[in-house]
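Secondary and tertiary structure notes
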Amino acid sequence: DAKTTQPTSMDCAEGRAANLPCNHSTISGNEYVYWYRQIHSQGPQYIIHGLKNNETNEMASLIITEDRKSSTLILPHATLRDTAVYYCIVRVGGGGADGLTFGKGTHLIIQP
Amino acid sequence: DAGVTQSPTHLIKTRGQQVTLRCSPKSGHDTVSWYQQALGQGPQFIFQYYEEEERQRGNFPDRFSGHQFPNYSSELNVNALLLGDSALYLCASSLFTRKSLRTGELFFGEGSRLTVL
């Protein structure tokens with residue numbers, strides 16, 4: 001799986017959009033970008049994933065650059081409950097959900 | 001619809017002992033994966049079970065073993081415990097078909113926190 005680079009921590013004001021960047025310059029053509037988050041003392045939670053098109057669901061939007069070397073997770077209206085560690089993961093998609101490689105992620109702190 | 005359940009939630013062992021952790025996957029899921037998360041680190045993949053067989057394994061020694069039962073539940077066993085085995089052990093479930101390609105998501109439990117003294 002391709003490696004990813006994320007900032008260690010970020011702050012965002014409550015109610016504003018939180019934009020979390022991820023660099024994955026060695027991504028292969030068949031690798032997807034996945035985002036998970038982990039709220040303190042809980043298991044990781046799936047947020048969104050994409051291959052090359054931008055994706056949106058009820059939780060967030062995922063913007064992938066045209067060359068697929070980086071992406072941005074957008075939480076449109078951050079709340080205090082969005083404070084968590086956010087993991088960007090790149091891996092081949094498909095059945096079986098092969099072992100994910102988590103880095104250290106970005107600790108997002110939402111400020112009141 | 002019950003999600004992934006793990007037991008026990010917390011436990012304390014001493015060096016050299018053995019421990020068994022248990023996981024029940026989300027209803028309808030047939031694949032179970034185990035992860036170890038040390039304090040301040042991201043989860044690290046231990047292994048994955050499907051059809052009662054180990055299908056994929058991360059970089060963990062043979063002291064870590066597992067089992068999957070016909071009802072898809074799973075156990076993680078760790079022998080000869082070391083202080084460094086202290087961690088949060090997470091179980092994740094998924095469906096081993098191309099359906100998972102549509103969601104791409106694993107469902108994680110809350111974890112079992114193991115302390116080795």
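That block above? That's the structure.
Just so it is clear, the model here is predicted, and its values are computed rather than measured.

So, on to the overall build of chain A. Within chain A, the regular secondary structure consists of 0 helices and 9 strands. Mapped from its N terminus to its C terminus, chain A presents α and β elements in the order β-β-β-β-β-β-β-β-β. The C-alpha atoms of chain A give 13 Å as radius of gyration, which agrees with the globular expectation for 112 residues (13 Å, within 12%). Viewed in the frame of its principal axes, chain A has a C-alpha envelope of about 40 × 30 × 25 Å. Every one of the 112 residues in chain A was classed for burial, and the buried ones make up 45%. Total accessible area on chain A stands at roughly 5,500 Å², and carbon and sulfur atoms take up 48% of it. Distance between charge centroids for chain A: 3 Å, based on 9 positive and 10 negative side chains.

The helix and strand inventory of chain B stands at 1 helix and 11 strands. Shown N-terminal to C-terminal, the secondary structure of chain B runs as helices and strands in the order β-β-β-β-β-β-β-β-β-α-β-β. In summary, chain B has a C-alpha radius of gyration of 14 Å against a globular reference of 13 Å for 117 residues, a match within 12%. Across the 117 residues in chain B, those meeting the buried criterion constitute 49%. Surface summary for chain B: the accessible area is close to 5,800 Å², and the carbon and sulfur share equals 50%. The positive charge centre, built from 11 side chains, and the negative charge centre, built from 11, are 4 Å apart in chain B.

Of the volumes computed, that of the largest pocket is approximately 480 Å³. Lining the largest pocket are 21 residues, with Gln-38, His-40 and Val-85 of chain A together with Gln-37 and Gly-40 of chain B sitting closest to its centre. Counting residues per element, the lining of the largest pocket draws most heavily on strand β8 (residues 84-92) of chain A, which supplies 3 residues.

Inspection of every chain in the model, using the stated rule, returns 2 disulfides over all chains. Between the sulfur of Cys-22 of chain A and that of Cys-88 of chain A lies a disulfide, 2.1 Å long from S to S. An S-S torsion of about -80° defines the bridge between Cys-22 of chain A and Cys-88 of chain A as left-handed. Of this pair, Cys-22 of chain A sits in strand β2 (residues 18-23) while Cys-88 of chain A sits in strand β8, placing them 66 residues apart in sequence. Its relative accessible area of 2% is what places Cys-22 of chain A among the buried residues. Residue Cys-88 of chain A is classed as buried on the basis of its relative accessible area of 0%. The disulfide partner of Cys-23 of chain B is Cys-91 of chain B, and the gap between their sulfur atoms is 1.8 Å. Its torsion about the S-S bond being -60°, the disulfide of Cys-23 of chain B and Cys-91 of chain B is classed as left-handed. Here Cys-23 of chain B is found in strand β3 (residues 19-24), whereas its partner Cys-91 of chain B is found in strand β9 (residues 87-94), with 68 residues between them in sequence. Cys-23 of chain B gets classed as buried once you look at its relative accessible area, which sits at 2%.

Each value, and the rule that gives it
Residues numbered from 1 in each chain as written. Chains lettered and ligands numbered in written order. Predicted model: local features only at pLDDT ≥ 70, side-chain atom pairs only at ≥ 80, totals over all residues. Heavy atoms only, no water. Helix = DSSP H or I, 4+ residues; strand = E, 2+ residues; numbered from the N terminus. Rg over C-alpha atoms; globule rule 2.2 N^0.38 Å. Buried < 20%, exposed > 50% of the residue type's maximum accessible area, 1.4 Å probe, protein only. Areas by Shrake-Rupley, 256 points an atom, 1.4 Å probe, with all protein chains shown as cover. Lys, Arg positive; Asp, Glu negative; His and termini not counted. Charge placed at Lys NZ, Arg CZ, Asp CG, Glu CD. 1 Å grid on protein atoms, 1.4 Å probe; cavity = no way out; pocket = protein on both sides within 12 Å on 5 of 7 lines; lining within 4 Å. Points joined across faces, edges and corners; volume = space filled by probe spheres on them. Disulfide = S-S within 2.5 Å.

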